[in-house]
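# Structural overview
Next come the chains, spelled out residue by residue.
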2 protein chains.
Amino acid sequence: MAVFERLTHLCFATESSATLFSPDLRPFRSFTVLILELSSIPPPYPPQQNPEFPFSEIIRTVHPVGPIEYSEAETFRSSKGGDWIVGGFALFFPNYASFLAKPGFYIEEIFVRECYRRMGFGRMLLTAVAKKAVEMGYGRVEWVVLDWNENAIRFYDEMGADILQEYRICRLTGEGLEVYGRKKKEE
Amino acid sequence: MAVFERLTHLCFATESSATLFSPDLRPFRSFTVLILELSSIPPPYPPQQNPEFPFSEIIRTVHPVGPIEYSEAETFRSSKGGDWIVGGFALFFPNYASFLAKPGFYIEEIFVRECYRRMGFGRMLLTAVAKKAVEMGYGRVEWVVLDWNENAIRFYDEMGADILQEYRICRLTGEGLEVYGRKKKEE
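Now for a quick tour of the structure.

Criteria and cut-off values
Residues numbered from 1 in each chain as written. Chains lettered and ligands numbered in written order. Predicted model: local features only at pLDDT ≥ 70, side-chain atom pairs only at ≥ 80, totals over all residues. Heavy atoms only, no water. Helix = DSSP H or I, 4+ residues; strand = E, 2+ residues; numbered from the N terminus. Buried < 20%, exposed > 50% of the residue type's maximum accessible area, 1.4 Å probe, protein only. Contact = heavy atoms within 4.5 Å. Areas by Shrake-Rupley, 256 points an atom, 1.4 Å probe, with all protein chains shown as cover. Lys, Arg positive; Asp, Glu negative; His and termini not counted. Charge placed at Lys NZ, Arg CZ, Asp CG, Glu CD. Least-squares fit on C-alpha atoms with pLDDT ≥ 70 in both. Core = buried A, V, L, I, M, F, W, Y, C linked by side-chain atoms within 4.5 Å. Phe/Tyr/Trp six-rings, centres within 6.5 Å; stacked < 30°, edge-to-face > 60°. Lys NZ or Arg CZ within 6 Å of the ring centre and 35° of its normal. Buried area = accessible area lost by both parts, 1.4 Å probe. Salt bridge = Lys/Arg side-chain N within 4 Å of Asp/Glu carboxyl O. Nonpolar A, V, L, I, M, F, W, Y, C, P; charged D, E, K, R; others polar.

Of the regular secondary structure elements, chain A holds 3 helices and 6 strands. Counting helices and strands in the order they occur from the N terminus, chain A gives β-β-β-α-β-α-β-β-α. Counting only C-alpha atoms and orienting by the principal axes, one finds that chain A spans roughly 65 × 40 × 35 Å. Scored against the burial criterion, the 187 residues of chain A give a buried share of 41%. The long-range share in chain A, meaning contacts at least 24 apart out of those at least 6 apart in sequence, stands at 63%. Summing over all exposed atoms, chain A offers an accessible surface of approximately 10600 Å²; the carbon and sulfur share of this is 55%. Both charge centroids of chain A, one from 21 positive and one from 25 negative side chains, sit 4 Å from each other.

Structural data, given as structure tokens:
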């Protein structure tokens, strides 16, 4: 994703900096990732449900116009084995809509690898998050888009989202945040 | 807060729609509220620490230019008893900065009642959240501001925040969200 956004200079994640999951954080109540996994073998697949993850696999057959490119298959090998590979993901977590007195979901990232785009997988991931939000009685789903990304804005509009024009994100990070760690309590 | 923002027509919270806290959600790992409580009685106060809430009270003495107005004291009575009343709050929860591979905090609301403004309480609440973020090893603190709210933008800039100009919030809510509950899985 950082490569796609040309923001690798801002990306500091390594395999050893694993902070996303911990045993006390429950799926859908904290950070959650849906993984898009692809195989060239036709269904039916045996249903696989992780008892700790309250979500049934969504299975979909696509008929791509061209051949699916299994580029970097080794890197993106799925834990399912066989020829399954990871094609994308959605990373999201609850937020809280105080005016609705309900939680919602905030989608930090929806990403589909270049070779699997324009096949409806982004829509599939966003739909899965929105369906789960309704199922849990949550009041909204939010994410952000860059104001110059017209294709994305058109897609989100088609999905039924409002694009809020007046809000700006404020961010404290890096040294601007670290100074607070050195402040005394009473400041 | 809804009155201040002239958005009461969008505010649907009632006392019976309590969804903010539940026993399985831990402070700072999920929805968290810091309460600003005020008393006219000078310190020292006996330290009060809730063993279930990993946060020590921050005590601060202010010398207001004019008298503090105890308007609506009955409505905003604090659970501390005495003459303590609630003057404001900060509602926040973890989000996740995937490029930093670290959680952060998202502040949904910082609010100080009209009669207690311009005394540094907003800064005190924001500082408390930022300090806690650093203490927990989190990578950022974020919130939103309306683009026409120049006073707020100036304040956040002074607090060290970047105001991100390119991002727009996308929101699925109401009927736009509910339709997803009626979709079939494979859509």
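Moving on, there is more to tell.
To continue, consider the relation of the copies chain B and chain A. Each copy of the sequence occupies a distinct position, and chain B is placed on chain A by a rotation of 180 degrees and an axial shift of 0.0 Å, giving an RMSD of 0.0 Å. Taken together, the rotation and translation describe the operation of a two-fold axis. A symmetric contact is evident, with 100% of the interface residues of chain B recurring at the interface of chain A.

With 36 residues, the main nonpolar core has A:Leu34, A:Phe105, A:Val129, A:Val141, A:Trp143, A:Tyr156 and B:Leu172 as its most contacted residues. Listing elements by their share of this core, those giving two or more residues are strand E1 (32-38), strand E2 (85-97), strand E3 (102-112), helix H1 (121-135), strand E4 (140-146) and helix H2 (150-158) of chain A together with strand E6 (167-173) and helix H3 (174-181) of chain B. For this core, the element with the highest residue contribution is H1(A), accounting for 9 residues. Counting 35 residues, the second largest nonpolar core, distinct from the first, contains B:Cys115, B:Leu126, B:Ala130 and B:Val145.

It is worth spelling out unusual backbone geometry at this point. Negative phi values dominate among residues other than glycine, just as trans dominates among peptide bonds. Residue and element names in this part refer to chain B. If you check the backbone angles, Phe-28 has positive phi at about 75 degrees while not being a glycine. Structurally, Phe-28 can be placed in the segment before strand E1 (32-38). Even without being a glycine, Ala-101 presents a positive backbone phi close to 55 degrees. Assignment of secondary structure puts Ala-101 in the loop between strand E2 (85-97) and strand E3 (102-112). Here Ala-101 falls in the buried class, since its relative accessible area comes to 5%.

Turning to the packing of aromatic side chains, a few remarks are in order. All names here are of chain A. This structure, assessed with the given rule, holds 22 aromatic pairs over all chains. A centroid spacing of 4.9 Å and a plane angle of 80 degrees characterise the contact between Phe-92 and Phe-105, whose relative ring orientation is edge-to-face. With Phe-92 in strand E2 and Phe-105 in strand E3, the pair connects residues that are 13 residues apart, well separated along the chain. No difference in accessibility class separates Phe-92 from Phe-105, as the two residues are buried. Positioned over the ring face of Phe-76 is Arg-113, at 3.7 Å from the centre of the ring.

Attention now moves to the interface of chain B and chain A. Frequently, the measure chosen for interface size is the accessible area that the parts lose on association. Contact residues are listed per partner, giving 75 residues for chain B and 75 residues for chain A. At the boundary of chain B with chain A, total buried surface from both sides reaches about 7400 Å², with 58% on carbon and sulfur atoms. Considering only the surface of chain B that becomes buried against chain A, B:Phe99, B:Arg168 and B:Arg171 emerge as the three largest contributors, covering 12% of it. Run the count over chain B and chain A and you get 6 salt bridges. Across the pair B:Glu108 and A:Arg140 runs a salt bridge whose closest N-O atoms are separated by 3.4 Å. If you list the elements that add at least two residues to the side of chain B that touches chain A, you get E2, E3, helix H1 (121-135), strand E4 (140-146), strand E5 (162-164), E6 and H3 of chain B. A class-by-class count of the residues in the side of chain B that touches chain A yields 40 nonpolar, 13 polar and 22 charged.

Function cannot be inferred from these measures alone, as they are strictly geometric.
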